[in-house]
Amino acid sequence: MQRFLQSDFFYAFTRSPLAMVSLLVVVLMVLSAVFANFIAPTNPFDPASLNLMNGFTPPMEANMFTGESFLLGTDDQGRDLFSAILFGLRVSLFVGIMAVGLAMVLGVLLGLIAGYVGGWLDTLIMRLADIQMTFPSILIAMLIFGVARGLLPPELREEMAITVLILSIGLSEWVNFARTVRGSTMVEKEKEYVAAARLIGLNRWQIMLRHILPNVLGPVLVIATITLALAIIAEATLSFLGVGAPRTEPSLGTLIRIGQDFLFSGEWWILLFPALTLLALALSVNLFGDWLRDTLNPRLR
Amino acid sequence: MTETLLELKGLEVTFKTRRGVLKAVDDLSLTVNKGEILGIVGESGAGKSMTGAAIIGLIDPPGRVSKGEIWFEQERMDEHPQQLRGKQISMVFQDPLTSLNPLRTVGDQLVETILAHMYVTKAQARQRAQDGLAEVGIDPDRINAYPHAFSGGMRQRVVIALALATEPKLVIADEPTTALDVSVQAQVLDLLKKLCRERGTSVILITHDMGVMAQTSDRIAVMYAGRLAEIGDTREVLSNPQHPYTQGLMASTPSVDAKSFGSELFQIPGAMPKLDALPPGCAFNPRCSQAHERCRTSRPPMVSGRAACWLMEDAS
């Protein structure tokens, strides 16, 4: 810890207001998502607790039938928007982080194999990556999502919606990880410590995981951060298009989709607040990722 | 009678390329005796490092050992699995900056190597690692330090400790001092020599530095274009070189004394031929001042186990 506080990295962090603010926003959002059930006044995932009479209450105003008032107003179902946003944030972040985790594990492994083993395996993996790069990742995600939903029995669809969402976003974002890791692996494997490891008879997997992997992880951290913003947006997009998180467990994207239906009838708050939250989250993660990339890349210093 | 540790019989390493099959090492036969330091000299691309890599089994495709046998203690080494080779033979690499994994402590790397080859517990391996560091003159308490905390010379000493950790019978040192300051070169070489002598470990020292060679090795092998040009006792080869190429190498080694001050350094005319365009006959003939007809048509054999040159054959 002492070493971390004295590091150049920490010094650069304390000198960058942008980095500090964006990290603060991210941390606040993560905390409020994690502790949503303690912060939120109502449970938006519990349909029984909703009162339809509360529908379309504007922010900070008393409802004309029940007299109840909500900080950010309610949606058409009478759901408290503030609570819905907190829980939606939780869904969005959970899906985003899990999807990035999946993409990272998959991408790093494939990149390591492609870079270290080379040959036809390298060609196969990288051509696959090239093909996937030619499609927008949201299209890939929708394709995977559609296929997965088609394979699932109908009674499981609602239940598995989040898992399928994670899978489809994760599988559409591995390419960047794989490309970067492959490049660094090809550099590292020429170094003599790898030859030394081969010499003592370690097998390929031991060399890849114990010797090369730690040396190529630096850029992966940066890509993971930037991909997190992409994944959160991808989740919101999928949910906005109606193929993501279900209406009963709305993510930020689902809330925006619901809000969009009522924008032109004057209920602006249903769209605005979830959208602002998404914007703030994606922007902060992105800014922090950019700062990480600039700070950790010796060539840009 | 000295005992033979390693014997190469007609070793050939080839690379398959677009322009045909290149012979990086061509029909190389030599022996290394127990406890002996054999130096291999030659220009870049002469096949020195490839010979080392072939012995230890680290030749990557498209290269391969296409012919010949490697005998180690009366056994066919080239048929042994890698792990066995790694125990008997170890390697000191050229660049200590890259031959240690920058993200793992030196102790970690020593312990990993020891555990890979010896039946010892982790604690014993750690003790051995500390002893090894002490032997190369590094404070054993620094076992948990990372490579970046050491200087180049110290790192190379760590690499030597790493190479000797499993008590190998042969150490291949591939230009171990090239990346070091002149001031620590001698220190590292002396250390390597001293430790190997104590243990009776044989060394193959690959270098292009004649000074290093003269100081360290018992015997010298001179390689040219993948072939063995001359081999013999260090003193013999240096004082009385038989092959014109060795003579040229000796003449082009700079010496610092009053007599040679201001005089121009000798150089062997031309450059080593590309491996895909070797001249017929002796590979050295286009650059040799004493070349005659026979040199241009047929390849000279090894004469009396010393030099591959028609001149020697003619003289005898």
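See the structure printed just above.
In this convention, every chain numbers its residues from 1, walking through the sequence in written order. All chains are assigned letters beginning with A, and all ligands numbers beginning with 1, in the order in which they are written. This being a predicted model, a pLDDT of at least 70 is required before a residue's local features are given, and a value of 80 or more before pairs of side-chain atoms are given or counted; all residues contribute to the totals for chains, interfaces and linings. For the side-chain quantities, the full set of heavy atoms in the structure was used; hydrogens and water were omitted.

S.K.: What exactly am I supposed to notice about the overall build of chain A here?
M.R.: For chain A, the count of helices and strands is 13 helices and 0 strands. Secondary structure elements are taken from DSSP: a helix is a run of H or I of four residues or more, a strand is a run of E of two residues or more, and numbering for both begins at the N terminus. The order of α-helices and β-strands along chain A, N terminus first, is α-α-α-α-α-α-α-α-α-α-α-α-α. Each residue's exposure class comes from its accessible area (1.4 Å probe, protein chains only) as a fraction of the maximum for that residue type: buried when under 20%, exposed when over 50%, partly exposed otherwise. Residues counted as buried form 46% of the 301 residues belonging to chain A. A sequence separation of at least 24 residues applies to 70% of the contacts in chain A between residues at least 6 apart. Areas reported as accessible are Shrake-Rupley estimates using a 1.4 Å probe. Residue values count occlusion only from the protein chains shown. Only carbon and sulfur atoms are counted for the fraction: they give 69% of the accessible area of chain A, which is about 15000 Å². Treating the 19 positive side-chain charges of chain A as one cloud and the 22 negative ones as another, the clouds have centres 15 Å apart. Throughout, a residue-residue contact means that at least one pair of heavy atoms, one from each residue, lies within 4.5 Å. Asp and Glu are treated as the negative residues and Lys and Arg as the positive ones, with His and the ends of the chain left uncounted. Charge placement uses NZ in Lys and CZ in Arg. For Asp and Glu, CG and CD serve respectively.

S.K.: What exactly am I supposed to notice about the interface of chain B and chain A here?
M.R.: It is common to give the size of an interface as the accessible area that goes away when the parts come together. Facing 22 residues of chain B, the contacting portion of chain A comprises 14 residues. Counting each side, the surface lost to burial between chain B and chain A is near 1600 Å², with a carbon and sulfur contribution of 58%. It is Phe93(B), Thr98(B) and Glu112(B) that lose the most area in chain B upon contact with chain A, and together they represent 30% of the buried surface on that side. Each reported salt bridge corresponds to a side-chain nitrogen of Lys or Arg within 4 Å of a carboxyl oxygen of Asp or Glu. There are 1 salt bridge connecting chain B and chain A. Polar contact criterion, stated in full: a pair of N or O atoms within 3.5 Å, where within protein one must be able to donate a hydrogen and the other to accept it, and residues adjacent in sequence count only if both atoms are side-chain atoms. Across the chain B-chain A interface, the total number found is 9 residue pairs in polar contact (both at pLDDT 80 or more). Put simply, the parts of the chain that give the side of chain B that touches chain A at least two residues each are helix 2 (82-88), strand 6 (89-92) and helix 3 (106-117) of chain B. Two parts placed together each lose some accessible area under a 1.4 Å probe, and adding up what both lose gives the buried area.

S.K.: What exactly am I supposed to notice about empty space enclosed by the protein here?
M.R.: Every definition here rests on a 1 Å grid over the protein atoms only: cavities are sets of points where a 1.4 Å probe fits but cannot get out, pockets are open sets enclosed by protein on both sides within 12 Å along at least five of seven lines, and lining residues have some atom within 4 Å of a point. Grid points are joined across faces, edges and corners, and a volume is the space filled by probe spheres set on the points. Counted by the stated rule, this structure contains 2 cavities of 30 Å³ or more. Size it by volume and the largest cavity reaches roughly 220 Å³. In this structure, the largest cavity is lined by 20 residues; those nearest its centre are Ala196(A), Ala197(A), Ile200(A), Thr113(B) and Leu162(B). Secondary-structure elements contributing two or more residues to the lining of the largest cavity are helix 10 (192-199) of chain A together with strand 6, helix 3 and helix 5 (152-164) of chain B. For this scheme, ten residues count as nonpolar: Ala, Val, Leu, Ile, Met, Phe, Trp, Tyr, Cys and Pro. Four count as charged, namely Asp, Glu, Lys and Arg, and the remainder, Gly too, count as polar. When the residues that make up the lining of the largest cavity are grouped by side-chain class, the tally is 10 nonpolar, 9 polar and 1 charged. By volume, the second largest cavity is sized at about 50 Å³. In terms of lining residues, the second largest cavity is bounded by His243(B), Pro244(B), Cys282(B), Phe284(B), Asn285(B), Cys288(B), Gln290(B), Cys295(B), Cys309(B), Trp310(B) and Leu311(B). Classifying every residue of the lining of the second largest cavity gives 8 nonpolar, 3 polar and no charged.

S.K.: Just to check I follow, could you spell out the nonpolar core for this structure?
M.R.: Taken as a class, soluble globular proteins show a tendency for nonpolar side chains to be buried jointly. Nonpolar core, defined: a set of buried Ala, Val, Leu, Ile, Met, Phe, Trp, Tyr and Cys residues in which side-chain atoms within 4.5 Å join the residues together. If you look at the biggest cluster of nonpolar residues, it comprises 93 residues, and the most contacted ones within it are Leu6(B), Leu30(B), Ile160(B), Leu170(B), Ile172(B) and Ile204(B). Counting residues per element, this core draws most heavily on helix 5 of chain B, at 7 residues. Once residues within four sequence positions are removed from consideration, Leu170(B) is found in contact with Leu5(B), Leu6(B), Val32(B), Ile55(B), Phe72(B), Gln88(B), Ile89(B), Ser90(B), Thr201(B), Ser202(B), Val203(B) and Ile204(B). Core analysis: the next-biggest nonpolar cluster, separate from the first, contains 69 residues, Ala103(A), Tyr193(A), Ala229(A) and Trp269(A) among them.

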